[in-house]
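A look at the structure
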Amino acid sequence: MASSSYLSFPPHPSPNPSAKSLPPNAFSLASRKIKRRLVSRPPRCVQSLNPDADRTPASSFSCSAVAFSPSHTADLVPGKLQSLVSEFRSLSEPIDRVKRLLHYATLLPKLPDTARVDSNRVMGCTAQVWLEVNMEEDGRMRFAADSDSEITRGFCSCLISLLDGAAAEEVLKVKTEDLAALNVGIIGAGRSRVNTWHNVLISMHKRTKALIAEREGKAPFDPFPSLVVNADGIQAKGSYAEAQARYLSPDEFKVKELVNVLKEKKIGVVAHFYMDPEVQGILTAAQKQWPHIHISDSLVMADSAVKMAHSGCQFITVLGVDFMSENVRAILDQAGFAEVGVYRMSDERIGCSLADAASSPAYTNYLEGASQSPPSLHVVYVNTSLETKAFAHELVPTITCTSSNVVQTILQAFAQVPDLTVWYGPDSYMGANIKELFQQMTMMTDEEIHEIHPGHSRSSIRSLLPRLHYFQEGTCIVHHLFGHEVVAKINEMYCDAFLTAHFEVPGEMFSLAMEAKRRGMGVVGSTQNILDFIKQRVQEALDRKVNDHLQFVLGTESGMVTSIVAAVRNLLASVESSAGGPKINVEIVFPVSSESITGTSTNGSPPMSSVKMGDVVLPVIPGVASGEGCSIHGGCASCPYMKMNSLTSLLNVCHNLPDDKNALSAFRAERFKSRTPNGKAIAEVGCEPILHMRHFQATKKLPEELVHQILDPESNGMVAS
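All of the points below concern the structure found in this document. Note that this is a predicted model, so its numbers are computed, not measured. (Residues numbered from 1 in each chain as written. Predicted model: local features only at pLDDT ≥ 70, side-chain atom pairs only at ≥ 80, totals over all residues. Heavy atoms only, no water.)

On to the overall build of the chain. When its secondary structure is counted, the chain shows 25 helices and 18 strands. Counting all 721 residues of the chain, 57% fall into the buried class. In the chain, of all internal contacts separated by at least 6 residues, the share reaching a separation of at least 24 is 74%. Accessible area for the chain stands at about 30100 Å²; split by element, carbon and sulfur atoms hold 52% of it. (Helix = DSSP H or I, 4+ residues; strand = E, 2+ residues; numbered from the N terminus. Buried < 20%, exposed > 50% of the residue type's maximum accessible area, 1.4 Å probe, protein only. Contact = heavy atoms within 4.5 Å. Areas by Shrake-Rupley, 256 points an atom, 1.4 Å probe, with all protein chains shown as cover.)

Okay, the sheet that holds strand β12 (residues 468-470) next. Taken in spatial order, the 4 strands of this open sheet run β10-β9-β11-β12, and their pairing is parallel. With one partner strand each, in any of the chains shown, β10 (398-401) and β12 form the two edges of the open sheet. Direction aside, the axes of adjacent strands within the sheet are offset by 25° on average. Across 5 bridges, strand β9 (residues 376-381) lies against strand β11 (residues 421-425) in parallel orientation. Across the sheet, residue histidine 378 finds its bridge partner in β11, namely tryptophan 423. (Pairing = 2+ DSSP bridges. Axes fitted to C-alpha atoms, helices over the stretch in contact; angles between N-to-C directions.)

Take the pattern of salt bridges next. Enumeration according to the criterion identifies 24 salt bridges in this entry. A salt bridge links aspartate 548 to arginine 544, with the shortest nitrogen-to-oxygen separation between them at 3.1 Å. Among the residues examined, aspartate 548 registers a relative accessible area of 11% and is labelled buried. The exposure class assigned to arginine 544 is partly exposed, which follows from its relative accessible area of 28%. Linking aspartate 659 and arginine 668 is a salt bridge whose minimum nitrogen-to-oxygen distance equals 3.1 Å. Sharing partners across several salt bridges, the network here consists of Glu136, Asp138, Arg140, Arg142 and Asp164. (Salt bridge = Lys/Arg side-chain N within 4 Å of Asp/Glu carboxyl O.)

What follows concerns the side chain of arginine 207. Summarising the element assignment, arginine 207 is placed in helix α6 (residues 190-215). Among buried Asp, Glu, Lys and Arg side chains, arginine 207 stands out as unpaired, with aspartate 496 the closest opposite charge at 5.3 Å. (Lys, Arg positive; Asp, Glu negative; His and termini not counted.)

What follows concerns helix α3 (residues 94-106). Spanning 13 residues, α3 covers 19 Å between terminal C-alpha atoms, matching the ideal 18 Å at 1.5 Å per step. Turning to α3, its buried residues are Arg97, Val98, Leu101, Tyr104 and Ala105. Along the axis of α3, the buried residues cluster in a sector spanning 110°; they form a single face. Exposed residues pointing more than 90 degrees away from the buried face of α3 are listed as Lys99 and Thr106. (Expected span 1.5 Å × (residues − 1). Arc of directions from axis to C-beta.)

With that settled, the discussion passes to the sheet that holds strand β4 (residues 233-237). Within the open sheet, the 6 strands sit side by side as β4-β3-β16-β15-β13-β14. Their pairing is mixed. In the strand order of this sheet, the two ends are held by β4 and β14 (522-525), each with one partner. The sheet shows a mean angle of 15° between the axes of neighbouring strands, direction not considered. Where strand β15 (residues 548-555) lies against strand β16 (residues 584-589), 6 bridges are found, and the strand directions are parallel. Across the sheet, phenylalanine 552 pairs through a bridge with isoleucine 588, a residue of β16. Sitting on the sheet, helix α21 (residues 527-544) touches β13 (498-502), β14, β15 and β16, and the angle it makes with β15 is about 175°.

For the rest of this paragraph, the subject is the nonpolar core. Ranked by internal contacts, the top residues of the largest apolar core, which has 145 residues, are Leu227, Leu283, Ile316, Leu332, Val406, Phe438 and Val538. The residues contacting leucine 332, other than those within four sequence positions of it, are Ala305, Val306, Ala309, Ile316, Phe337, Ala338, Val340 and Val342. In this structure, Leu108, Cys156, Val174 and Trp197 belong to the second largest nonpolar core, which totals 35 residues. (Core = buried A, V, L, I, M, F, W, Y, C linked by side-chain atoms within 4.5 Å.)

Turning to the environment of serine 360, a few remarks are in order. Tracing the backbone shows serine 360 in the loop between α12 (353-358) and α13 (361-371). Its relative accessible area of 18% is what places serine 360 among the buried residues. At 2.7 Å, the side chain of serine 360 and the backbone oxygen of alanine 357 are in polar contact. (Polar contact = N/O pair within 3.5 Å; in protein donor to acceptor, adjacent residues only side chain to side chain.)

A separate point is the packing of helix α8 (residues 252-265) against helix α9 (residues 277-286). Packing of α8 against α9 brings their axes to within 9 Å, and their N-to-C directions diverge by 65°. Remark: the crossing between α8 and α9 carries right-handed chirality. Across the interface between the two elements, Lys254, Val255, Leu258 and Val259 from α8 touch Glu278, Ile282, Leu283, Ala285 and Ala286 from α9. (Left-handed = near helix turned anticlockwise from the far one by under 90°.)

A complete count under the given rule lists 0 disulfides for this structure. Here cysteine 158 stays unpaired: no disulfide links it, and the sulfur of cysteine 156, its closest cysteine neighbor, is 9.3 Å away. (Disulfide = S-S within 2.5 Å.)

One can find alanine 285 in helix α9. Distance from alanine 285 to leucine 248, taken between C-alpha atoms, is 9.2 Å for residues 37 residues apart in sequence. Here alanine 285 is in contact with Pro250 and Val255, once residues within four sequence places are set aside.

All right, on to the environment of valine 122 then. Here valine 122 lies in the loop between α3 and β1 (129-135). Considering only alpha carbons, one finds valine 122 and isoleucine 202, 80 residues apart in sequence, at a separation of 9.2 Å. What valine 122 contacts, discounting residues up to four positions off in sequence, is Val129, Leu131, Asn199, Val200, Ser203 and Arg207.

Of all 6 residues in β9, 6 are buried; the element is thus mostly enclosed. Here β9 shows two buried faces, one formed by Ser376, His378 and Val380 and the other by Leu377, Val379 and Tyr381. By the bridge criterion, 4 bridges tie β9 to β10 in an arrangement that is parallel. Counted as the bridge partner of valine 380 is threonine 400 from β10.

Let us now look at the packing of aromatic side chains. By the definition in use, this model includes 10 aromatic pairs. Centre to centre, the rings of tyrosine 363 and phenylalanine 471 are 4.8 Å apart; their planes meet at 85°, and the pair counts as edge-to-face. Within this pair, whereas tyrosine 363 is found in helix α13, its partner phenylalanine 471 is found in the loop between β12 and α19 (484-493), the two being separated by 108 residues in sequence. The same class applies to tyrosine 363 as to phenylalanine 471, namely buried. Aromatic side chains phenylalanine 533 and phenylalanine 552 sit 6.3 Å apart centroid to centroid with 90° between the ring planes, which places their arrangement in the edge-to-face category. Of the two residues, phenylalanine 533 is situated in helix α21 and phenylalanine 552 in strand β15; the sequence distance between them amounts to 19 residues. The pair phenylalanine 533 / phenylalanine 552 is uniform in exposure class, with both members buried. Of the aromatic side chains, those joined through ring pairs into one cluster are Tyr363, Tyr366, Trp423 and Phe471. Across from the ring centre of tryptophan 130, 4.1 Å away, lies the NZ or CZ of arginine 116, which sits over that ring. (Phe/Tyr/Trp six-rings, centres within 6.5 Å; stacked < 30°, edge-to-face > 60°. Lys NZ or Arg CZ within 6 Å of the ring centre and 35° of its normal.)

All right, on to the side chain of aspartate 322 then. Among the secondary structure elements, aspartate 322 is positioned in helix α11 (residues 322-334). Looking at aspartate 322, the relative accessible area reads 15%, which means it is buried. Of note is the side chain of aspartate 322, whose polar atom sits 2.7 Å from the side chain of arginine 344. If near-sequence neighbours (up to four positions away) are discounted, aspartate 322 is found in contact with Arg344, Arg349 and Ile350.

This is the structure:
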């Protein structure tokens, strides 16, 4: 949302909460019958007349807006909210609203130093905010808060005036959207400031739910496993995290062995983020001695391979699924490096559920339907085989996309080609999430939509929705399991944490992360987007130069953790070398249930011994190398296909190069020998949608060649005879 929207309150001289200009909210109409004398007063705090008097911990929960009995709670909360909205709306000038907020700050009692502790900190706020929550015997909630910023104290004071003394269920009824009309026009850093009270409200909800569960005798949720990274080292919480942590400090002998063979035989390595932690740990350490190692998402892997070939690498080993090695082979051929060998990491097929879905008869039928509805554009996820791209492109003009550029690709296509119909595939969750995102855009202002894409308005977004289709039978087995049970646990235990989600997750997780994103606490996008978001939030914490604990829920494949930890440790290195600097803890949470983890090795080998990392000794529980972690009980910890790329396989391939005895024939990424239905080379046609995407990335427009194919596919030989 644009910061200017915070300054958009119309003049509202009447404090009457039933005025027509007030937006509807979730509260019942009965709330409007509250006596005016109870809702029109500014909040007052019931506290000792002697501000210097000693206070017991309980007395810090004494701030309330009005005197009331518990039975009136259901009426008071919505009434006070309506009154507060009216109060700020009656002030037409932003500076007056800021002054009123500062007035509220003076009404908030300061927390004692004993309450200004890290465990009471609210995550995601620009300023430091502390929140105390208590439940009285009659079930009423007591809140106290403080901040090192007067503006933020004003926000906290408003929230406490609304909710202190309310019944727990009434506290939980207040949603962040109910606070939308209370944006008060903080010029400059307004957006992050306003997000503050959304984050404080979420923290109030989390701690209220925990106290309700405690009072009802419910067993608390077991936390997800996590890794805590700080300047002193790494601490693992839970057996799954311990197994992940095992390889963050790799075996130096194995690193040396790999580096020696890579240098000797001029071998480049391109690997996906989702690699097994052991492999990534070794590769990350080896990068310091051999620069021709690159770990990234699938799009960049082929580009990196070309750079390695330019630098003299004679072989490229690909650690990923088969369509990735196919893409590397084809792109190298296109770049003039046909003599450079490309090798996979298994003599068996390394599949991918998404790529397989796009190779199915159902997908062909989907595209045949698209070909009957010109003008049409097929937007295909880059994580598909070259063969799929080629066959699709001959049926319907096709452009590839990634999870980070798919939204812009589709919006630009609709803006550039009149009356276009877009067919996205094969990821059903991503397709549904894109459609939901566009649906949400219909509720934005034109100005907000222009910030996303200058060629669109509310009217154009509404008109394109019926012309956007997505394939409904394709899922990634990793992201498929971030469903209801995981979302319920995140809502209960991690709703105040930073939430990250890949665009491929189911709708429930997508909606949760999108809500967090709106208040500055989440990201939805590609693996690279997730990594960049975490790095940005850690850097912001370092810039604030105060102690902080940042908690990130990793809503994608757990193999990402190696790259995340490496990036975080690099950022924290400056703290490590400066005495007296802020202590920043970065916690990476894995949404995976304990039922998904095996406690012993799956191959019959004895349990691994403990490993020491700095001052921390970690008992290692093996069991993730074969893809454990995927179950209906929780999120999917790792992709079993990706885990076929073992360190043993990598060393085996490297030691056998050059393949004079043809021992690696099953590992070689072969060129396509078959042809498309129109008789063209698969590599030639399959690369064209990728090149269209490259053009879009460089110019932010579809290439004219693709537009011509869309408008007149038959004249370009797009349709098989």
